[in-house]
Structure formats: structure tokens, C-alpha cells
Amino acid sequence: GAAIYQYTNTEAVNLTVIGSEFSSNTTAGRGGAIYVRSAAAGGATLNMVNSTIFNNTSGSTGSAVAFYSGNTSFPANGNIYNCTIVNNTCTRATTPGGAIGVENAGCTIHLYNSIVSGNKWDAVPNNANVYCHTSSSALKHRSIIGTDTLYPGGAVITEAAPFDPETMLEAKTAEGKTSVFKLVGTDNPAKTYGYSLQGLKDLNAPFEEGVIEKDQWGNARTGSVIGAYVE
């Protein structure tokens, strides 16, 4: 884990990440930004909201976030809300990989209202954004994965325009603030196909009251915008 290594071999451990940036980290192993690993029945759980992960590199699973469990009794789980995960690179020559990498059995990952697109993995380009072991679950809810915009449960919204991270995301910085990506383009599906504010509240996300109602820079969430930043 180039930035954070969350690990347990005794009891349950939980990590909460709010309004954060992970960028330009590099590891030869798993987790270009965060590596979540469990070797205990209590498991390890990552809860992340309103955060941007970009330009990280891993030599193994999860160029952005890696999840690893010893077996189905040692769960390594993730709940990712309102995040933007782009331009991360996995250099592993064989599977597993992906920006969100779920390497083996015993893991359940939920992606809510998040963008995971434009990530790179030459070995298996179709799994560059999300790689999931067949005995684990990566569930996507009103998120953009690659070029597809998804309904809750993972079905593709066919009427949505294909998402193009090169033309629909624009890097934005300001003094004293974390980096974000602004949504651009008139047909950008991330502007309109996300959860409404009430829909986000109804998810009962595991954060303090009000956190889910803001974006990464603290702006109020209005409309139905997907990703970490609302302008």
C-alpha cells in the first residue's frame, strides 16, 4: 500500500476516508493508494467518500485500491461513495490487476455514485478499471465504470452517452484545497445519472451526519451528479 496499508490478523479494523486526495503514489506491490488486507475473522473494511484517486501506480493488484483476504472467513470489504478514480496504472503482466482490484475470495466491494474510468492495465485492458475474483463481489450502484453508466445493481443505462474521461473530466486545483476533476461536456452522463441528494441519504452511508450531502470541496450536492466534485 503506497499511501495506506490497512491490515488485521486479530480483530475487526475499520478505516474511514473523507474528502481526500491520493495522487502520484507508487508501489511494486498491491494498492497504488490503499491496500486493504484481512487475516482475521473480524475483517477489514474501508469506507471512503468524496475523494479523488489519480495518477497512482502499482506493480500488482489495485492501482488505486487493492482488497485481499486469506479466505472467505477473513473478509476485506469496501464501501466507496461519491469518488473519482482515474488515470491509475497497473504494471502487472498477468492477472490480477485493475484500479479497484479484488484479488481473491472473501471480499465484497460496493461502489456508489462513483467514477472509475481511464485507468490503465496493458495485460487485461477490459479489467483496467475493476478486477474482481470470481468468488468475491464488486457491486456497482449508479456509477460509471469505464465508458458505461450503470443503474443500481450494475445494468448499463443504454441511453446514456459513453463516458470519455479524456473529454469529460478536467483537472481542477485551488490553493489550500485537494485536487479534483470537474465534469465537462454537454452530454456528460456523470452530470445527470447519479443519485439525488435524497437517494444518497437513503443509502444510510456509514459517515457522520451531513458528510454524504457535500462534495470533496464542501459544496452542497445538488442535482444527480456522479463523482467527488460538484460545480
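The notes below deal with the structure included here. (Residues numbered from 1 in each chain as written. Predicted model: local features only at pLDDT ≥ 70, side-chain atom pairs only at ≥ 80, totals over all residues. Heavy atoms only, no water.)

In this section: the packing of aromatic side chains. Applying the stated criterion to the full structure yields 7 aromatic pairs. Look at Tyr-81 and Tyr-112: their rings are 4.5 Å apart centre to centre, the planes differ by 10°, and that puts the pair in the stacked class. Taken together, the residues span a long stretch of sequence, with Tyr-81 in strand 10 (residues 76-81) and Tyr-112 in strand 14 (residues 108-112) at a distance of 31 residues. With relative accessibility at 3%, the residue Tyr-81 sits in the buried group. A relative accessible area of 12% places Tyr-112 in the buried class. Between the aromatic rings of Trp-217 and Tyr-229, the centroid separation amounts to 5.1 Å while the plane-to-plane angle is 70°, which identifies the pairing as edge-to-face. With Trp-217 in the segment after helix 2 (197-202) and Tyr-229 in the segment after helix 2, the pair connects residues that are 12 residues apart, well separated along the chain. Tyr-229 carries the same exposure label as Trp-217, and that label is buried. Taken together, Tyr-5, Tyr-7 and Tyr-35 form an aromatic cluster joined through their ring pairs. (Phe/Tyr/Trp six-rings, centres within 6.5 Å; stacked < 30°, edge-to-face > 60°. Helix = DSSP H or I, 4+ residues; strand = E, 2+ residues; numbered from the N terminus. Buried < 20%, exposed > 50% of the residue type's maximum accessible area, 1.4 Å probe, protein only.)

Turning to the pattern of salt bridges, a few remarks are in order. One pass over the structure, following the stated rule, counts 4 salt bridges. Here Glu-231 and Lys-182 are joined by a salt bridge, their closest N and O atoms 3.0 Å apart. You can see Glu-231 sitting in the segment after helix 2 and its partner Lys-182 sitting in strand 22 (residues 180-183), a full 49 residues away along the chain. Within this structure, Lys-172, Lys-182 and Glu-231 form a network of salt bridges that share partners. (Salt bridge = Lys/Arg side-chain N within 4 Å of Asp/Glu carboxyl O.)

This brings us to the sheet that holds strand 16 (residues 120-121). Read from one edge to the other, the open sheet built from 4 strands follows the order 4-8-12-16, with strand pairing classed as parallel. The sheet terminates laterally at strand 4 (26-27) and strand 16, the two strands that pair on one side only. Here strand 8 (residues 57-58) pairs with strand 12 (residues 89-90) via 2 bridges, running parallel. Looking across to strand 12, one finds that Thr-57 is bridged to Thr-89. (Pairing = 2+ DSSP bridges.)

Right, let's talk about the sheet that holds strand 19 (residues 144-145) for a bit. Strand order in the open sheet made by the 6 strands is 3-7-11-15-19-20, with mixed pairing throughout. With partners counted over all chains shown, the strands left at the sheet margins are strand 3 (21-23) and strand 20 (148-149), one partner each.

With that out of the way, let us pick up the nonpolar core. In a soluble, globular protein the nonpolar side chains are often hidden away together inside. Core analysis: the biggest nonpolar cluster contains 27 residues, and Met-48, Val-65, Phe-67 and Ile-100 have the highest contact counts within it. For this core, the leading source of residues is strand 6 (residues 44-49), giving 3 residues. Of all hydrophobic cores here, the second largest spans 13 residues; its members include Phe-54, Phe-163, Met-168 and Ala-190. (Core = buried A, V, L, I, M, F, W, Y, C linked by side-chain atoms within 4.5 Å.)

To continue, consider the pairing of strand 10. For strand 10, a buried count of 6 out of 6 residues is recorded, marking the element as mostly surrounded by other parts of the structure. The alternating pattern of strand 10 places Ala-76, Gly-78 and Ile-80 and Asn-77, Asn-79 and Tyr-81 on opposite faces, both of which are buried. With 6 bridges joining them, strand 6 and strand 10 adopt parallel strand pairing. The residue of strand 10 that forms the bridge with Val-49 is Tyr-81. Where strand 10 and strand 14 come together, 4 bridges link them in parallel fashion. The partner of Ile-80 across the bridge, within strand 14, is Leu-111.

The quantities given are spatial measurements derived from coordinates; they are silent on function.
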